[in-house]
Amino acid sequence: MKKVLIIGGNTGIGAALSLQLKEQGVETILLSRTQGGLDVTQEEPLFPEIIGPVDALVYCPGSINLKPFRALKLSDFAHDMEVNYYGAIKTIKHYLPNLKEAENASIVLFSTVAVQKGMPFHSSIAGAKGAVEGLTRSLAAEFAPTIRVNCIAPSLTDTPLAEKLLRNEKQREGAENRHPLKSIGEAADIAHMANFLVGEKSRWMSGQIIGVDGGMSSLSTG
Ligand SMILES: NC(=O)c1ccc[n+]([C@@H]2O[C@H](COP(=O)([O-])OP(=O)(O)OC[C@H]3O[C@@H](n4cnc5c(N)ncnc54)[C@H](OP(=O)(O)O)[C@@H]3O)[C@@H](O)[C@H]2O)c1
């Protein structure tokens, strides 16, 4: 049976993935600040030891701090790097021995559509996620053929993280209309891709940044 470690599996995309995997009979280990007291932004996070192989690691912690560049403090940039980039590095470093013990292990990271497509007020998060994309390709090359590394780049998805951007019907409609597919993402839409990437069916994929974004990154419909 597969064992999948999800950092940030109690809400949003991680929770949707955890549900899907459990329905498939896959063993999941969920860690976050409220599940196991793991805060990846700490200098030395308290990673629980796991004995034996871990088949997949999915790193979900992220941030959305959208402000004009002049209003963003250096500490905002640093915080986004901590949560999105350094947190992923610390986690991968810690569980690498477990991943190496598995056959065809997989790491799944998260970027954002705002790396591929320039968007105002996204300089901090786009910078941090750009680093995640670089890390994805670099580690995919370094860890091949033992561990596959891929990254999903969602557009706006209805999760607790995006709550502030979806406070009322007007905001939601505006967001839906900005997408070529005229809707925003559901956590399950993104989780389906993560589910594919952790499993055997994606065994020949590594180093990819995959847009799951309602057409936002590559289509213009009007
Ligand atoms: N939702 C969107 O619109 C959207 C768009 C583009 C990209 N993304 C990316 O997709 C990924 C998943 O996002 P989501 O919307 O599912 O987010 P979410 O609902 O906020 O879930 C994030 C998860 O990470 C955990 N977490 C957050 N900070 C942590 C920390 N310091 N240490 C340990 N765990 C932490 C949270 O649990 P605790 O609170 O218990 O720690 C939670 O389980 C993120 O990387 C995000 O940047 C999302």
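The structure contained in this document is the topic of the report that follows.

The rules behind the values
Residues numbered from 1 in each chain as written. Predicted model: local features only at pLDDT ≥ 70, side-chain atom pairs only at ≥ 80, totals over all residues. Heavy atoms only, no water. Axes fitted to C-alpha atoms, helices over the stretch in contact; angles between N-to-C directions. Helix = DSSP H or I, 4+ residues; strand = E, 2+ residues; numbered from the N terminus. Parallel < 35°, antiparallel > 145°, perpendicular 65-115°, else oblique. Left-handed = near helix turned anticlockwise from the far one by under 90°. Contact = heavy atoms within 4.5 Å. Near = heavy atom within 4 Å. Polar contact = N/O pair within 3.5 Å; in protein donor to acceptor, adjacent residues only side chain to side chain. Areas by Shrake-Rupley, 256 points an atom, 1.4 Å probe, with all protein chains shown as cover. Nonpolar A, V, L, I, M, F, W, Y, C, P; charged D, E, K, R; others polar. Buried < 20%, exposed > 50% of the residue type's maximum accessible area, 1.4 Å probe, protein only. Core = buried A, V, L, I, M, F, W, Y, C linked by side-chain atoms within 4.5 Å. Pairing = 2+ DSSP bridges.

## Some details on the packing of helix 1 (residues 12-23) against helix 6 (residues 187-198)
Inference 1: Contact geometry for helix 1 and helix 6: axes closest at 8 Å, N-to-C directions at 60 degrees. By the angle between their axes, helix 1 is oblique relative to helix 6. As for the relative orientation of helix 1 and helix 6, their crossing is right-handed in sense. Contacts between helix 1 and helix 6 involve Gly-12, Ile-13, Ala-16, Leu-17, Gln-20 and Leu-21 from the former and Ala-187, Ala-188, Ile-190, Ala-191, His-192, Ala-194, Asn-195 and Val-198 from the latter.

## Let's talk about the site of the ligand
Inference 1: Surveying the vicinity of the ligand reveals 29 residues, the closest of which are Asn-10, Ser-32, Arg-33, Thr-34 and Thr-159.
Inference 2: For the ligand, an oxygen atom lies 2.8 Å from a polar atom in the backbone of Ile-13.
Inference 3: In the environment of the ligand, a nitrogen atom lies 3.0 Å from a nitrogen or oxygen atom belonging to the backbone of Val-40.
Inference 4: Protein contacts shield 92% of the accessible area of the ligand, which totals 890 Å² for the unbound molecule.
Inference 5: For the shell around the ligand, a count of residues per class yields 11 nonpolar, 15 polar and 3 charged.

## Re the packing of helix 2 (residues 74-101) against helix 4 (residues 123-143)
Inference 1: As a packed pair, helix 2 and helix 4 sit with axes 7 Å apart at the nearest point and diverge in direction by 20 degrees. The orientation of helix 2 with respect to helix 4, classified from their angle, is roughly parallel. In this structure, helix 2 meets helix 4 at a crossing whose hand is right-handed. On the side of helix 2, the interface is formed by Asp-76, Phe-77, Asp-80, Met-81, Asn-84, Tyr-85, Ile-89, Ile-92 and Leu-96, while helix 4 contributes Ser-123, Ser-124, Ile-125, Ala-128, Lys-129, Ala-131, Val-132, Leu-135, Leu-139 and Phe-143.

## So, unusual backbone geometry
Inference 1: Cis geometry is found at the peptide bond from Ala-144 to Pro-145, where omega equals 0 degrees.
Inference 2: Within the element layout of this structure, Pro-145 appears in the loop between helix 4 and strand 5 (147-154).
Inference 3: A positive phi angle is found at Phe-121, which is not glycine, with a value near 75 degrees.
Inference 4: With respect to the helices, strands and loops of the structure, Phe-121 is situated in the loop between helix 3 (113-116) and helix 4.
Inference 5: Backbone geometry places Lys-182, a non-glycine residue, at a positive phi of 55 degrees.
Inference 6: Accessibility expressed as a relative area gives 44% for Lys-182, which makes it partly exposed.

## Observations regarding the nonpolar core
When a protein is soluble and globular, its nonpolar side chains tend to lie buried together.
Inference 1: Counting residues in hydrophobic clusters, the biggest one holds 28 residues, and the most contacted among them are Leu-5, Ile-7, Ile-107, Leu-109 and Phe-143.
Inference 2: Among the secondary structure elements, those contributing two or more residues to this core are strand 1 (3-7), strand 3 (56-59), helix 2, strand 4 (105-110), helix 4 and strand 5.
Inference 3: At 6 residues, helix 2 tops the list of elements feeding residues into this core.
Inference 4: Setting aside its immediate chain neighbours within four residues, Ile-107 contacts Leu-57, Ile-92, Leu-99, Phe-143, Ile-147, Arg-148, Val-149 and Asn-150.
Inference 5: Core analysis: the next-biggest nonpolar cluster, separate from the first, contains 22 residues, Val-26, Val-108, Phe-110 and Val-198 among them.

## A closer look at the side chain of Thr-112
Inference 1: Among the secondary structure elements, Thr-112 is positioned in the loop between strand 4 and helix 3.
Inference 2: If near-sequence neighbours (up to four positions away) are discounted, Thr-112 is found in contact with Lys-129, Glu-133, Ala-153 and Pro-154.

## Section: the sheet that holds strand 1
Inference 1: If you walk across this open sheet you meet the 6 strands as 2-1-3-4-5-8, and the pairing is parallel. Each edge of the open sheet carries a strand with a single partner, namely strand 2 (27-31) and strand 8 (209-212). The average angle at which neighbouring strand axes cross in this sheet is 20 degrees, direction not considered.
Inference 2: Against the sheet, helix 2 touches strand 1, strand 2, strand 3, strand 4 and strand 5, its axis set at about 170 degrees to strand 3.
Inference 3: Contacts between helix 4 and the sheet are confined to strand 4, strand 5 and strand 8, with strand 5 contributing the most and set at about 160 degrees to the helix.

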